[in-house]
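# An overview of the molecular structure
For reference, the chains in residue letters:
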Amino acid sequence: NRIAMNQNKIQGLLVGENLNNESKNLQEFVPALVSLAVVMSAQTVVDKAIFVINRSAQGLFKESVRKCGTFKQGAEIDLCMSKIKLRVLQNKLTKISALKTQCKGDKKPDMCVAKVQKHIDKINRDIQIERDNITAYGNQVELEKREAALKQQMKAGKRLSKGTGI
């Protein structure tokens with residue numbers, strides 16, 4: 001309700017109504033406009049940059065995942081996706097680390113650096129998890145290849161033994 005009243009007052013000022021009370025209306029709206037500007041600037045450039053970086057990383061990941069699911073199966077898909085996640089996270093880490101330099105010009109540089117550092121720490125944890133996943137999935141893929149090779153050798157051995165009558 002109060003927002004509608006303020007919008008009506010702003011509209012009245014813009015149209016030019018209430019010319020007699022114009023100075024009074026301006027005195028009322030200056031604090032309102034200042035508070036709106038404060039709210040808009042409270043979302044600092046760093047916050048907006050982090051949001052954009054996260055969105056672009058999501059888009060890159062979704063685009064790359066299609067390649068994994070098309071040509072691979074089983075543990076190979078998981079390995080491919082972990083490699084892509086690692087690349088995306090490393091890219092994200094580089095971009096977010098670069099934001100630390102922008103904190104120097106911020107109104108509260110300590111809070112800005114703390115916010116960016118929180119994101120950097122989370123990304124570093126995620127990178128370590130993906131590296132561990134890549135190792136585990138790589139071992140699993142290698143094991144599956146060895147099992148498949150062993151099965152082929154066993155089949156070839158059975159064929160030879162049947163042919164020789166042993």
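Predicted model, so just to flag it, every value in this text is computed and none were measured.

## What to know about the overall build of the chain
Looking only at helices and strands, one finds five helices and zero strands in the chain. The secondary structure elements of the chain, listed N-terminal to C-terminal, are α-α-α-α-α. For the chain, buried positions account for 19% of its 166 residues. At a minimum sequence separation of 6, the contacts of the chain that also span at least 24 residues come to 63%. Accessible surface, the chain: about 12,700 Å² in total, of which carbon and sulfur atoms supply 57%.

## A few points about the confidence of the model for the chain
Taken as a whole, the chain shows an average pLDDT of 76; of its residues, 67% reach a score of 70 or greater. The model gives residues 16-26 a pLDDT under 50, and that stretch makes five contacts with residues more than four places away or in other chains.

## Describing the nonpolar core
Ranked by internal contacts, the top residues of the largest apolar core, which has 19 residues, are Val 46, Ile 96, Leu 99, Val 116, Ile 123 and Ile 127. Secondary structure elements with two or more residues in this core: helix H3 (45-71), helix H4 (75-98) and helix H5 (109-164). Sorting elements by how many residues they give to this core places H5 first, with seven residues. In this structure, Val 116 is in contact with Val 46, Ile 96, Leu 99, Lys 100 and Cys 103, ignoring residues within four places of it in sequence. In this structure, Ala 57, Cys 68, Ile 84 and Val 88 belong to the second largest nonpolar core, which totals five residues.

## Quick word on the pattern of salt bridges
Here the structure, examined in full by the defined rule, presents two salt bridges. Close ionic contact of Asp 126 with Lys 122 constitutes a salt bridge, the shortest N to O distance being 3.0 Å. Placement of both Asp 126 and Lys 122 in helix H5 is noted, with a separation of four residues, approximately one turn of the helix. The salt bridge involving Arg 146 is made with Glu 142; its shortest N-O contact spans 3.7 Å.

## Here we look at the environment of Ala 75
With respect to the element layout, Ala 75 can be found in helix H4. For Ala 75 and Gly 138, which are 63 residues apart along the polypeptide, the C-alpha to C-alpha distance reads 8.1 Å.

## Things to note about the state of the cysteines
By the definition in use, this model includes one disulfide. A sulfur-sulfur separation of 2.0 Å characterises the disulfide bridge that pairs Cys 103 with Cys 112. Handedness here is read from the sign of the S-S torsion; for Cys 103 and Cys 112, about -65°, the answer is left-handed. By relative accessible area, which is 0% here, Cys 103 ends up buried. A relative accessible area of 4% places Cys 112 in the buried class.

## As for the side chain of Ser 82
Looking at the secondary structure, you find Ser 82 in helix H4. The class for Ser 82 is buried, based on a relative accessible area of 4%.

What counts, and where the lines are drawn
Residues numbered from 1 in each chain as written. Predicted model: local features only at pLDDT ≥ 70, side-chain atom pairs only at ≥ 80, totals over all residues. Heavy atoms only, no water. Helix = DSSP H or I, 4+ residues; strand = E, 2+ residues; numbered from the N terminus. Buried < 20%, exposed > 50% of the residue type's maximum accessible area, 1.4 Å probe, protein only. Contact = heavy atoms within 4.5 Å. Areas by Shrake-Rupley, 256 points an atom, 1.4 Å probe, with all protein chains shown as cover. pLDDT = per-residue confidence, 0-100. Core = buried A, V, L, I, M, F, W, Y, C linked by side-chain atoms within 4.5 Å. Salt bridge = Lys/Arg side-chain N within 4 Å of Asp/Glu carboxyl O. Disulfide = S-S within 2.5 Å.

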